[in-house]
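Per-entry structural report
Single-letter residue listing:
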Amino acid sequence: MSAIQVELLGTFAITVDGRSVADFPTDKTRALFAYLVTEAHQARSRSALAALLWPELPDQAARTNLRNTLHRLRRTLDAAAPNLSENLLTVTRQSIRFNAAHAQVDVLVFQQAVDAVAGHNHTSLTACSTCAAHLAQATALYNGELLPGFNLGDAQPFEEWLMLRREYLHHRAIYAFDKRVAILEAQGQITQAHETAVRLLALDPYREEAHRQVIRLLARMGMTNQALAQFNSLSQLLRTDLGVEPDPLTLSLIQEITAGEFSTSDLAVDTSSPLPLADLLSQPPSAQDWSEAPLVGLFLGRKREFEQLQEWIVQEQIQVITLLGMGGAGKSTLAAHTARRLSGHFDAVIWRSLINAPPLTDLLPVLLDRLAGSPLSNLPTDLDQLLALLLDFLRQRRCLLILDNMETILREDAAGRFRPGYEDYGQLLRYLGEFEHPSCLLVTSREWPKPMVQLERRTEQVRSLNLPPLSSQTSQEILAAHGLTITPAVAVDLTDRYSGNPLALNLLAHTIRDLYFGEVDSFLVEEMPIFDDIRDVLDQQIGRLTPLEQEVLYWLAVARQPMMPSDIQMFLVQKPNQGGIVEALQALRQRSLLERTASGFSLQNVISEYLSERLLDTICQELMPSGQARRDGPTGRLTVTNRFALQHTDAPDYVRQSQGRLFLDPIAEHLLANAPLTTIRASVHQWLAELRAETGMPKGYAAGNLLNLLLRMKIDITGFDFSGLSIWQADTQGHFLRSVNFSEADLSGTRFSEAFGFVWAAAYSADGRYFGAGTSDGKIRLWLVDSAQPVAVWRAHSSAVYALDFSPDGQILASGGADGTIQLWAMDSIVSQQKPEPLRVFSGHRGAVEQVAFSPD
């Protein structure tokens, strides 16, 4: 039988007896094959595969497409070797399955190797030759993420599966590299250990433990200067991107090295554990997920509430708890402090924010995957079955689940009732409150969800805790933490004024310190207006920020998810240097206006809502169809509309949906309520013309926002002229853009219905007529420059196209690829044929061809 190898990690390659199988006719064919290979542990039903790859089509049409795609896949495999498809695929009328026993598949062997280590019972990992061999095999196979650069823009279920599978494999790779470093170091193979630790850092550059491993290994090799340079690089990375200092363990290691107290023979690897090592290794890598949880700094004034929660959670094992309080009362901070302090009592801790209102049917699969430690296949679609599966997990292991900001899915016009489409959350609360289990669900909300009121009356396993105002003593401690000295009497006065609200008191402290130089008496003598609520406090605070600081806050409000400093800098229209961004973030943190999470900087919900309302009001005024507000306004231009992208095309789907609901929909409703469609169309035409004519207006997001709004309002945009404009962050997927002029437009971040992978190469023809791009799916795409119309798309290489160049006379296009070949293409055949054939193929390179060039003659 033929020797078959399938590589999906870091590439997409299939070889049969050393020959490459390159001719996959469509991306759906590749996607079907990759999915069947990766999920080879069981057969997949035809209906499930059809829904995975063609979710928008009726069932019969999707199954027809699946049948045709399967036929193309089998023909492609059989072309490589007779009857190959019969050996690799078991096909019935109901299901399809990949026969993994007949092929060597890198992703499957990688998983088996890591699982073998996690499940092996041994007394010492570093002395286990079996596990060492498995880890060596796993780390050799992991050459990059699953199907790099591959995507299907019209198959969201497949995209979600691919994202989750990539994330799972990424975590398993980190686990494997980390354990292999420990084994190699323990065995004295310091050079190999260092090389492996460097590869681990490439997977997770912010993993301080890996930096520490590299520093220690460099020191053990006698490379002290390099170890110190690695530490300096780590310190700069943490300060610049995260605003934190290195861990004390790292500082202690560096002190030993600089003091000459670190011996090159020191192992410095902690292999001891109070639990059997096999038990530790069998823990899923995602047993704790704090990615959306705020980091808790100084914790004041909630000792009694924490002790109450500790009693309920640890001693009484209450199943469902709700933390209640107004915005800024400290619910999330108390929940995060409690969860981190009590995490040792649980096998798994998972924090999820509801600020972007994810539907329960989207949230449950994520929770189940996290609890399982890997993506689960064949999840039921019925809500009751999903909830029953969640309950089974919560019974098998003691878990702490935190759902933060539940008020975002409650109705504004009916206290405690869920918004339409979110009633399922009430069923979740009832499931976890009424059925017995040892786990705990902790919910934070400004309102008491209706089901919780009913459950608390019926069962002792459901409790709620209202956060009272802080005491005057705690208020005095908060102000003192900001360097303010006040008497107990003044503390009582300020506590009364601001209702003992922690956020308001923190913001107040910054106002006194910054505007009154820390003189509380001066603040009181001036008889500053008593702020009625946090909105007034925020008016005062936001109004005195620098323009850059304000802009950073508004970007975070629109983003609806944590952002790194580099991300913020990339989005700004007028970009300051990285140092300016970091200074702005530090200033905002000092004013208690920012929170820092493991994945970046974010806003408290109350601040995000406040900024979102202000931004909406301003943009609605700028976009008044009559133009009156714009003529009378301070700038007379779409200034704010140009500075912020109201939808981010590279954000996860649930975030884009939230941005559409919170920003695009209200603006669209405002426009439609103030003018007929004909007036809106005419106004947009006028705004686009003005944007093109305004030389002083910097490039920005105005045109992209207008395009998104037109599509959101379902306005026919046939004939609209977007030429010469920056169309940033526009999402046109699923829309027909007939006769829309995008010539000479900057389409950065814009999504079109035809999505393709990473662009590795680009080239213009010498006469400027054609523009070509080589992509990670092995295709070359050609456009006319003057009209941006596509000319041809064809698969030129079996994997990524890394290089393109047009001959000086414009008659030949040369391409180089990851498959090690150079191919020459005649331009006349490209333009005239649907599937051009190469003029010449040059082979023989052992590696990828990364550059090609013609001589001038």
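Reference entry: report on the structure contained in this document. Sequence order as written defines residue numbering, which begins from 1 separately in each chain. Note on the predicted model: pLDDT of at least 70 is required for a residue's local features to be given, and 80 or more for side-chain atom pairs to be given and counted; whole-chain, interface and lining totals, by contrast, use all residues. Processing note: side-chain calculations cover all non-hydrogen atoms of the structure and skip hydrogens and water entirely.

Some details on the sheet that holds strand β5 (residues 89-91)
Hydrogen bonds along the backbone pair up the strands of a sheet, which may run parallel or antiparallel. Pairing between strands is defined by DSSP: at least two bridges between the two strands are required. In DSSP terms, a helix is any run of H or I states spanning at least four residues, a strand is any run of E spanning at least two, and both are numbered starting from the N terminus. What the 3 strands build is an open sheet, ordered β4-β6-β5; its pairing is antiparallel. Each of the sheet's edge strands pairs with one partner strand only, and the pair in question is β4 (44-45) and β5. The pairing of β4 with strand β6 (residues 95-98) spans 2 bridges and is antiparallel. When the sheet's bridge partners are listed, Ser 45 is paired in β6 with Ser 95. Residue contacts are defined here by distance: any two heavy atoms, one from each residue, within 4.5 Å place the two residues in contact. All axes are obtained by fitting lines to C-alpha atoms, using only the stretch in contact for helices, and the reported angles, taken between N-to-C directions, cover 0 to 180 degrees. Along the sheet, helix α1 (residues 27-38) contacts β4, β5 and β6; its crossing angle with β6, the most-contacted strand, is approximately 70°.

Observations concerning the pattern of salt bridges
Definition used for salt bridges: Asp or Glu carboxyl oxygen within 4 Å of a side-chain nitrogen of Lys or Arg. All chains considered together, the criterion is met by 26 salt bridges. For Glu 39, the salt bridge goes to Arg 165, with nearest N and O atoms at 3.1 Å. Here Glu 39 is found in the loop between α1 and β4, whereas its partner Arg 165 is found in helix α7 (residues 156-186), with 126 residues between them in sequence. The pair formed by Glu 39 and Arg 165 is uniform in burial state, with each residue classed as buried. The partner of Glu 551 in a salt bridge is Arg 643, with the nearest N and O atoms 3.7 Å apart. Of this pair, Glu 551 sits in helix α24 (residues 547-559) while Arg 643 sits in helix α29 (residues 639-643); the two residues are 92 residues apart in sequence, bridging distant segments of the chain. Relative accessibility thresholds used throughout: buried, under 20% of the residue-type maximum; exposed, over 50%; partly exposed, between the two (1.4 Å probe, protein chains only). Given a relative accessible area of 14%, Glu 551 falls into the buried group. Each of Glu 167, Asp 289, Glu 292, Arg 352 and Arg 370 takes part in salt bridges that share partners, so that together they form one network.

Some details on the pairing of strand β13 (residues 462-466)
The buried fraction of β13 amounts to 4 of the 5 residues, a majority that puts the element mostly inside the structure. Here strand β9 (residues 320-324) pairs with β13 via 5 bridges, running parallel. Bridging from a neighbouring strand, Leu 324 pairs with Asn 466 of β13.

Focus on the sheet that holds strand β1 (residues 4-7)
With mixed pairing, the 4 strands of this open sheet are ordered in space as β3-β2-β1-β7. For this open sheet the edge positions go to β3 (19-20) and β7 (104-105), each flanked by a neighbour on one side alone. Pairing of β1 with strand β2 (residues 13-16) involves 4 bridges; the strand directions are antiparallel. The partner of Val 6 across the bridge, within β2, is Ile 14.

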